[in-house]
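What the coordinates show
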Amino acid sequence: MFYESTRGEFRKVSSAEAIKLGIAPDGGLFVPSEIKQISVSKLAEMTGYSYQDKAAFILKEYLSDFTEEEIKECVSKGYGHDRFDVPEIAPLRQIDNTLHILELWHGPTSAFKDMALQLLPHLMTRAAAKTGGKSTIVILVATSGDTGKAALEGFRDVPGTKIIVFYPQEGVSQMQRLQMVTQEGANVAVVAVQGNFDDAQTGVKSIFGDKQFNLELSRQNYSLSSANSINWGRLVPQIVYYFSAYLDLVAGGNIKQGEKINFVVPTGNFGNILAAYYAMQMGLPVNRLVCAANANNVLTDFIHTGIYDRGRSFKRTLSPSMDILISSNLERLLYHLCGRDPVRVRGWMSDLNQKGVYHIDGGTRDGIDRIFWSAYSDDQETLETIRSYYRRFGYLVDTHTAVGLSVYQKYAAATGDATRTVVASTASPFKFNDSVARAILGEEAVRGKDEFKLLQVLGETSGVAIPVGLRGLDQKPVLFRETTAKEQMKAVVQKILSV
Ligand SMILES: *Cc1c(COP(=O)(O)O)cnc(C)c1O
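Structure report, in brief. Since the structure is predicted, the reported quantities are computational estimates derived from the model, not experimental observations.

So, how was this worked out
Residues numbered from 1 in each chain as written. Predicted model: local features only at pLDDT ≥ 70, side-chain atom pairs only at ≥ 80, totals over all residues. Heavy atoms only, no water. Phe/Tyr/Trp six-rings, centres within 6.5 Å; stacked < 30°, edge-to-face > 60°. Helix = DSSP H or I, 4+ residues; strand = E, 2+ residues; numbered from the N terminus. Lys NZ or Arg CZ within 6 Å of the ring centre and 35° of its normal. Salt bridge = Lys/Arg side-chain N within 4 Å of Asp/Glu carboxyl O. Buried < 20%, exposed > 50% of the residue type's maximum accessible area, 1.4 Å probe, protein only. Pairing = 2+ DSSP bridges. Axes fitted to C-alpha atoms, helices over the stretch in contact; angles between N-to-C directions. Contact = heavy atoms within 4.5 Å.

Structural notes on the packing of aromatic side chains
According to the stated counting rule, one finds 18 aromatic pairs in the structure shown. Ring centres 5.9 Å apart and planes at 45 degrees place the aromatic pair Phe 270 and Phe 372 in the tilted group. Note that Phe 270 is positioned in the loop between strand S9 (261-266) and helix H12 (271-281) and Phe 372 in strand S13 (residues 372-376), a separation of 102 residues in sequence. Aromatic ring contacts, followed pair by pair, group Tyr 3, Tyr 62, Trp 232, Phe 270, Tyr 277, Tyr 278 and Phe 372 into a single cluster. The ring of Phe 57 is capped by Lys 60, whose NZ or CZ atom sits 4.4 Å from the centre of that ring. The side chain of Lys 130 reaches across the aromatic face of Phe 66, ending 5.2 Å from its centre.

Notes on the pattern of salt bridges
The full count for this structure, using the stated rule, is 27 salt bridges. Between Glu 73 and Arg 126 there is a salt bridge whose closest N-O contact spans 2.9 Å. In this pair, Glu 73 sits in helix H4 (residues 68-78) while Arg 126 sits in helix H6 (residues 120-130), placing the two residues 53 residues apart along the sequence. A relative accessible area of 16% means that Arg 126 is categorised as buried. Salt bridges linked by common partners bring Arg 83, Lys 149, Glu 153, Arg 156 and Glu 184 together as one network.

A word on the sheet that holds strand S8 (residues 222-226)
Strand order in the open sheet formed by five strands is S8-S5-S6-S7-S15, and the pairing between neighbours is parallel. Edge positions in the sheet fall to S8 and strand S15 (483-485), since each of these pairs with one other strand and no more. Shown here is a sheet whose adjacent strand axes are inclined to one another by a mean of 30 degrees, direction ignored. With six bridges joining them, strand S5 (residues 136-142) and strand S6 (residues 161-168) adopt parallel strand pairing. Bridging from a neighbouring strand, Val 138 pairs with Lys 162 of S6. Its contacts with the sheet put helix H8 (residues 174-181) on S6 and strand S7 (188-194), and the angle it makes with S6 is roughly 155 degrees.

What to know about the sheet that holds S13
Here we have six strands laid out as an open sheet, ordered S3-S4-S14-S9-S10-S13, and mixed in their pairing. In the strand order of this sheet, the two ends are held by strand S3 (92-94) and S13, each with one partner. Between one strand axis and the next, the sheet turns by 25 degrees as a mean value, whatever way the strands run. Both strand S4 (residues 99-103) and strand S14 (residues 421-425) contribute to a ladder of five bridges, which runs parallel.

Shown next as structure tokens:
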């Protein structure tokens, strides 16, 4: 098993190298040379496994140059019971006869990014040791809010690493910002970018692609890597919970072994739903993958038309972690669907870069049609969905999960499909408490209260415990106040590394 770049202009690498590099130096993304197959009998064998054992089982398929002991050790550290607040790690909640919700936010930062980022630092440091590098790994992160905190928590004080997080100054919630700027740890830095998430992501990508700068850094004994979902080490842990959800449905008697189900995934950078695609290609019985978008509905349009057009205004919504117009991981999907043709992928990506738009061919489009369905939910619909699920089922969801539920209802109404469906719940409702409180208590009850007062109100109203990581954030000292223009990000990295 090796890894190849979607742009086809870099040599094949081992899984350790793919994880250490993060992004391929030709600008592409690493993908596995083959999609491993999990047979029905293997699937049955996994049924009684703990989450940790399921994770080790899937990981060893793709991390072929890691030993079984190394993988087991990474998994038990990453998914330890001191890190997650429920023993199931990713519990499945039944809503009604067809709908289940997969809660992916029981890690330390209350968003699904922990599912991968609690593991990645362990994979990364082992990958570095295997590939013989002696330099300090510098993790550069562009975040729409949740990745940043999850990566900071994962990498804090990990020997041999430093981490620098860039977040859009106006694009994150108060809770998300405080989570990041109060981060402790000797190897961490947090910087606000004057711009939106796409600006931050473009800035980070251009630093990765700057050969001169990378050379200079290597002279100073630094090598850059990524904790964004462009890193294969982020994706592979995410495949696990789709298997886990399926096996939980079988174990609960909700489906028969082999029966197909749907997954609905609130989508931004296309990482989470791409992991579902890999699970499906590995043999997990899936009927349809539903890509749920917010008003930044570039992916919905793409899935309907085969035209990716980022030439539209960027909208700030109540689901900020999905406010993205350039979905990086789509490149991996296209690479697989077009028959692993790097020439076509290069063409599309260069069109995106130069014209802001690309058109895919008919064959690739058919591949998308067979697997995906998509719609989007605007802020009003999102708030109504939060209210309605709380009233009807006593179940509280955050704004991103609500986008998923709202789109699920549109899917069911449009297609009449009654297949059992799992909606990925990507954040704790307490993480976006301003919107959630507004939805269930009304405008009046929320007015004049800050997010910390609302946290308390929401906890009291719903009777649900407030996650430890969000309590008392307003009491912590702010450690990072730096702001940068998006053109200055490289200089900021240089400055942080030279002290
Ligand atoms: C990151 C994030 C998403 C989007 O996930 P992608 O993998 O980027 O598609 C959705 N919801 C929340 C809460 C997130 O943090």
